[in-house]
Each structure stands twice: as C-alpha cells, then as structure tokens.
Amino acid sequence: ASSFGRMFVQVCLYFYCKCLWRCLKFVVRKLTGQCELQRICYNTKPGAARTMKIEASLKGSKSKRLQTSVNVHPDAIEKTIDDIMELKRINPDINPQLGVSLQACLLQIVGYRNLIAEVEKLRREPYDSENPQHEEMLLKLWKCLKPNSPLKARISKQWCEIGFQGDDPKTDFRGMGLLGLYNLVYFAEWDTEIAQQVLTDSLHPKYSQLSKAEWEKKKFDKAIGYSFAIVGINITDLAYNLLVSGALKTHFYNVAPEAPTLTHFQQTFCYLMHEFHKFWIDEDPLDIMEFNRVREKFYKRILRQLQNPEMALCPHFAASESLINM
C-alpha cells in the first residue's frame, strides 16, 4: 500500500509539474513575444548547451511534428526548419538567424543519431579472415606499429608483440567486431608516432622520475604493462558506451559544427587511448588484475568531464596535434 501511495504521489507530481511548466512557457512567450526555441537560440551561445536545449525542447513538445523533427533524414532538415517556423508562426524574413541556428542544431542532433547507427553496424560485423579487406586492414595495423619487423606468417606468435592474446588476432575482435579493428588501424595510421610510443610504453612503462636503482627494480615488473591491442579494443568498448549513452553529445556538439562523423569518433578514440595510457601509469597498478578497477575509474573521470556543457575532449579534432601538444 505504501509503495502504491508513493507511486501515486510521483504520478501526480509529474503531471502537476508538466502542466505548470507548460503554463509557465505560455506566460513567458506572451511576455517576451518569443517561443522557447527563439529564446534558446538568441540567449545561448552555439555548442552543446544550445543544441542539447533545442533537442530537449523539440522532444518535450506537445506537437508530434516537433517531436519527430529530431529523427528526420539529413536531406529533409531544411524543409523541417520551414515546418517548425510555420508551426511556431515565426516569420523567417524577420528572424533569419533563427533558421540558421536551428539548422546547425538539427544537423548535429540527426548526425549524432546516424553516427550511433554507423558505429553499431561496424560493431556487429564480425572479423572475417576470408574477407580480403579485413585481412588487409589487419596487416596494415602490423605494418604501422612494427614497420621494421616483417610479419613472418599470418598465423604467428608475433601478434602478441602488439598486444593480441594469441597467434590469430581474429578471435580478439569478437566483442567489438570490426569497430575495434577500425579504431586501432586509425590510431596506428594517423597517429603513428604516438601509437608506437604507447605500444612501447605498454610493454616497458617508463618511470623517468625514478632513480636508476628504483628503475632497475621496477623494469622487471611485467604487471605494470598491458596488452596494447586488447586495451585498444577495451577502450573502443568504452568509447562505444559513451556514444550510445549520449554522454559524448557534449563533446561532439562542441567540436563538430555540423554532423559528427565516424572520423570524429575515431579521433576521440585516439584521445581516450592516450589519456588512458597516462592514467594507467599514474595509477601504478600492482598487477594487470587491477585493469577493470583502473578502467572504471577512468570511465567515471571522463563522464564527469562530459557533464560540463563547455567540455571538448580534443577541441580541434586533429588527433595528432592535440595529443602531441598535451
């Protein structure tokens, strides 16, 4: 009975607040002569703060046409803006900037949704050793990371040198499918110097602040290292969860002036790989069994950063430049 009572009170509060909010919006519109969309666009600077407010306003509208506007095809955005202006009785000639601002916001909103679909498709596609393109990407990963060490055979223990678990990497891609391979190849190809350094450090972590005697003791501690490729796939999972949960909206809406793309996602992965590597070294875990603890702590730190509407993880989306200059 008590749980039913609490549920009844919560339902009543929900409808009360919803009605009160709608009444408040009506009063503000009468006083200002502007609808909520106008007030957001005119009073909030471009970026995540504005786009997320516009997204919430459209989704929370009582109009089905406004609710569905966040799900339109990119090619239909201009017509959707015209429909919104007409529905809100806003003269586009008097308010030309409103249409421009709404279009930029909708491009980001729709683009984020489409990016999730694209990333999900890659995640669901398994690695196929019979597919020449898949095999070519895998070999490219080796060449980028180990340019001076030719791969002696496709099935080889050499794969362990870049952090795979066995002599055939295809089994390690099961969790993230092709998405894990795409991210690793992007990191190795476009941020080659950084990727090679992270790989070297993961095998032999550097503690330059230690004395020679302390380093001699520490350098044999294999537990402070980690498997580069496996961690890359794990960080892919972390980036995927940030994307699907909507946490990355803050970042993407602040740095992608229009629709965020797969390249943006991959550059964010580069940033996360580099940041996790530094975080792992700073945490100085006792052994590799602490990986999940360190990963969870790192994940929570990134989530906290993304709660700031001004946050941009890698502001210029030039992964090499942002990582090297950190």
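Predicted model only: the values in this text are computed from it and were never measured.

(A) Summary view of the packing of helix H3 (residues 48-59) against helix H6 (residues 96-124). At a minimum axis distance of 9 Å, the contact between H3 and H6 shows a crossing angle of 85°. For the element pair H3 / H6, the angle class is roughly perpendicular. On H6, the residues touching Arg50, Thr51, Ile54, Glu55 and Leu58 of H3 are Ser101, Leu102, Cys105, Leu106, Gln108 and Ile109. Broken down by class, the residue content of the contact of H3 with H6 amounts to six nonpolar, three polar and two charged.

(B) Region of the structure containing the pattern of salt bridges. Under the criterion given, the structure shown has 17 salt bridges. In this structure, the salt-bridge partner of arginine 124 is glutamate 120, at a minimum N-O distance of 2.7 Å. Of this pair, arginine 124 and glutamate 120 both sit in helix H6, four residues apart, roughly one helical turn. Note on arginine 124: relative accessible area 63%, which makes it exposed. Of the charged contacts, one joins lysine 146 and glutamate 161 as a salt bridge, the two residues approaching to 3.2 Å between their closest N and O atoms. Of this pair, lysine 146 sits in the loop between helix H7 (132-145) and helix H8 (177-190) while glutamate 161 sits in the loop between H7 and H8, and the two are 15 residues apart along the sequence.

(C) Summary view of the confidence of the model for the protein. Across the protein, pLDDT averages 86, with 82% of residues at or above 70. Taken as a whole, residues 24-31 scores under 50 in pLDDT and shows seven contacts with residues more than four places along the chain or in a different chain. Under a pLDDT of 50 for its full length, residues 317-326 has, in the predicted model, 24 contacts with residues more than four places off or in other chains.

(D) Expanded view of the packing of aromatic side chains. Throughout the structure, instances matching the rule amount to 16 aromatic pairs. Between the aromatic rings of tyrosine 226 and tryptophan 280, the centroid separation amounts to 5.8 Å while the plane-to-plane angle is 85°, which identifies the pairing as edge-to-face. Of this pair, tyrosine 226 sits in the loop between helix H10 (212-218) and helix H11 (228-245) while tryptophan 280 is found in helix H13 (residues 262-283), placing the two residues 54 residues apart along the sequence. Of the residues examined, tyrosine 226 reaches a relative accessible area of 7% and is grouped as buried. Consider the rings of tryptophan 280 and phenylalanine 291, whose centres lie 6.0 Å apart with planes at 45°: the pair is tilted.

(E) View of unusual backbone geometry. Despite not being glycine, arginine 89 shows a phi value in the positive range, around 55°. With a relative accessible area of 79%, arginine 89 lands in the exposed category.

(F) Spotlight on H7. In this model, H7 (14 residues) spans 20 Å end to end at C-alpha, consistent with the 20 Å of a helix rising 1.5 Å per residue. Three or more residues of H7 are buried, namely His134, Glu135, Met137, Leu138, Leu141, Trp142, Cys144 and Leu145.

Rules of the game
Residues numbered from 1 in each chain as written. Predicted model: local features only at pLDDT ≥ 70, side-chain atom pairs only at ≥ 80, totals over all residues. Heavy atoms only, no water. Axes fitted to C-alpha atoms, helices over the stretch in contact; angles between N-to-C directions. Helix = DSSP H or I, 4+ residues; strand = E, 2+ residues; numbered from the N terminus. Parallel < 35°, antiparallel > 145°, perpendicular 65-115°, else oblique. Contact = heavy atoms within 4.5 Å. Nonpolar A, V, L, I, M, F, W, Y, C, P; charged D, E, K, R; others polar. Salt bridge = Lys/Arg side-chain N within 4 Å of Asp/Glu carboxyl O. Buried < 20%, exposed > 50% of the residue type's maximum accessible area, 1.4 Å probe, protein only. pLDDT = per-residue confidence, 0-100. Phe/Tyr/Trp six-rings, centres within 6.5 Å; stacked < 30°, edge-to-face > 60°. Expected span 1.5 Å × (residues − 1).

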